[in-house]
Amino acid sequence: MQVTVSLIKADVGGFPGHAQVHPKMLEYAAAKLKEAQRRGVIIDYFVFNVGDDISLLMTHTKGEDSPEIHGLAWETFKEVTEQVAKRYKLYGAGQDLLKDAFSGNIRGLGPQVAEMEIEERPSEPVIAFAADKTEPGAFNLPLYRIFADPFNTAGLVIDPAMHDGFVFEVLDVKEHKVYLLKTPEESYALLGLVGTTGRYIIRRVYRKDGLVAAVNSVERLSLIAGRYVGKDDPVMITRAQAGLPAVGEILEAFAHPHLVHGWMRGSHAGPLMPARFALIDPDRRMAIGPKMTRFDGPPKVGALGFQLHDGHLEGAVDMFDDPAFDYTRHVAAMIADYIRRMGPFQPHRLPPEELEYTALPKILARIKPYAADEYDSERKKYVDAVIRGAS
Ligand code: F6R
Ligand code: MG
Ligand code: MG
């Protein structure tokens, strides 16, 4: 059967600050999707958060970019904003809903979208990822590891079905260009692009027979809004097993906490920590996810596993809820502690190009520089004037 898996997320209010969402927000969203399921709009759904972002995972038969499904997500986020976030004066209510009107597609309006229309295989394991205090390029490194690095994914060497490798679809978010690069043949060129995580983002990965294996969200909030409105905390869907990387090969890519951009004020680099959910409630189709604490972080990723059956989502299983990831969390906490000591210095603080949409340029505009050659010849005059308080 053809089924579309849509994962759409937005920050429509934090509790407290940007740390978490209010459980009532998740309850409201789950009730709204339950109603849509009852009406036959969607087959199944699951609602969860990582940090201050709510993710709506939905299955249906309406294909990618369906106005009905995008409209349902938009309406859900709007109502959660109005009925819960504003009522409790939660922080940044409606933050990611950047435009007032919905006109058929939620892309470009603020929320992040990862969707794949697939032919459901005899057994179809899928993993939904969401990360907070980071950006879509944060998934570049794990996606490369999962689908192109034989030291991560044994199947690339051992499984004849994967031996030919994969095709990576990379979006240049600045120039609006798309690259299709094959691995292993073009893996060095691929790395040349996707190592620049703020600009070249892996959007989809295909097996060489055309089967879609993974999809990552790529919306850039600052490019939409023209100002800083929070980093573009991403979501991603991966399929697993039977000629694709195993569930464990997918998770293995998160065992090393790589540095990502987007911590505190979207302006710092920090380790991506695989985190546990606080509560999984399969009956109510919702999960309360990890919260952001130290310095509003560190950046965290959560992963929920499902088995699809005729479009139904059997799950969720909290994939990082395993002592096997405790060591990774420990290493991430050590890296966080190490890099935090650098305070406002690079590379903990991001380079200026990545801060152009924040308030920093306004602050720097307040201080007055002198032309270096004039200053050099009359240094004493300038210094005396500053010391005496004249300008
Ligand atoms: C939000 C985020 C936070 C905020 C920070 C300041 O996703 O990353 O680190 O940037 O808490 O928030 P404001 O400026 O809203 O007080
Ligand atoms: Mg927020
Ligand atoms: Mg967030």
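Residues numbered from 1 in each chain as written. Chains lettered and ligands numbered in written order. Predicted model: local features only at pLDDT ≥ 70, side-chain atom pairs only at ≥ 80, totals over all residues. Heavy atoms only, no water.

A word on the site of ligand 1
Taken together, eight residues lie near ligand 1, and His 18, Tyr 91, Lys 133, Arg 265 and Asp 296 sit nearest. With respect to ligand 1, the side chain of Lys 133 contributes an N or O atom lying 3.3 Å from an oxygen atom. Here Arg 265 contributes a backbone N or O atom positioned 3.0 Å from an oxygen atom of ligand 1. Across the complex, the protein chains shield 74% of the 410 Å² of accessible surface that ligand 1 would expose by itself. (Near = heavy atom within 4 Å. Polar contact = N/O pair within 3.5 Å; in protein donor to acceptor, adjacent residues only side chain to side chain. Areas by Shrake-Rupley, 256 points an atom, 1.4 Å probe, with all protein chains shown as cover.)

Side note on the coordination of the magnesium ion (ligand 3)
Taken together, Asp 52 (OD), Asp 53 (OD), Asp 132 (OD) and Asp 233 (OD) make up the full set of protein donors to the magnesium ion (ligand 3), lying 2.0 to 2.3 Å away. Read from N- to C-terminus, the donor residues coordinating the magnesium ion (ligand 3) fall into the pattern D-D-x78-D-x100-D. Between the two metal centres, the magnesium ion (ligand 3) and the magnesium ion (ligand 2), the spacing is 4.8 Å, with Asp 52 acting as a shared donor. Of the two residues, Asp 53 is situated in strand β3 (residues 53–60) and Asp 233 in the loop between α6 (221–225) and β10 (235–239); the sequence distance between them amounts to 180 residues. A relative accessible area of 5% means that Asp 233 is categorised as buried. (Donors = N, O, S within 2.8 Å, 3.2 Å for Na, K, Ca; no water. Helix = DSSP H or I, 4+ residues; strand = E, 2+ residues; numbered from the N terminus. Buried < 20%, exposed > 50% of the residue type's maximum accessible area, 1.4 Å probe, protein only.)

Quick word on the coordination of the magnesium ion (ligand 2)
Surrounding the magnesium ion (ligand 2) are the protein donor atoms Asp 11 (OD), His 18 (ND1) and Asp 52 (OD), at 2.0 to 2.2 Å. Sequence positions of the residues that donate to the magnesium ion (ligand 2) give the spacing D-x6-H-x33-D. Owing to a relative accessible area of 2%, Asp 11 belongs among the buried residues under this scheme. A residue is classified by how much of its surface remains accessible, and His 18, at 26% relative accessible area, is partly exposed.

Overview of helix α2 (residues 67–85)
The end-to-end C-alpha distance of α2, which contains 19 residues, comes to 25 Å, matching closely the 27 Å that a straight helix rising 1.5 Å per residue would cover. Of the positions making up α2, those classed as buried are Ile 69, His 70, Gly 71, Leu 72, Ala 73, Trp 74, Thr 76, Phe 77, Val 80, Thr 81, Val 84 and Ala 85. Its buried side turned inward, α2 meets β1 (2–10), α1 (23–38), β3 and β4 (112–119). (Expected span 1.5 Å × (residues − 1). Contact = heavy atoms within 4.5 Å.)

Focus on the sheet that holds strand β2 (residues 44–50)
The mixed open sheet is built from six strands, whose spatial order is β4-β1-β3-β2-β15-β14. Lying at the two open borders of the sheet, with one neighbouring strand each, are β4 and β14 (279–281). This sheet shows a mean twist of 10 degrees between the axes of neighbouring strands, independent of strand direction. Across eight bridges, the pairing between β1 and β4 is antiparallel. Following the sheet pairing, Ser 6 is matched in β4 by Glu 115. Contacts from α1 reach β2, β3 and β15 (286–288) within the one sheet, and its direction differs from that of β2 by about 165 degrees. Sheet contacts for α2: β1, β3 and β4; angle to β3, the most-contacted strand, approximately 150 degrees. (Pairing = 2+ DSSP bridges. Axes fitted to C-alpha atoms, helices over the stretch in contact; angles between N-to-C directions.)

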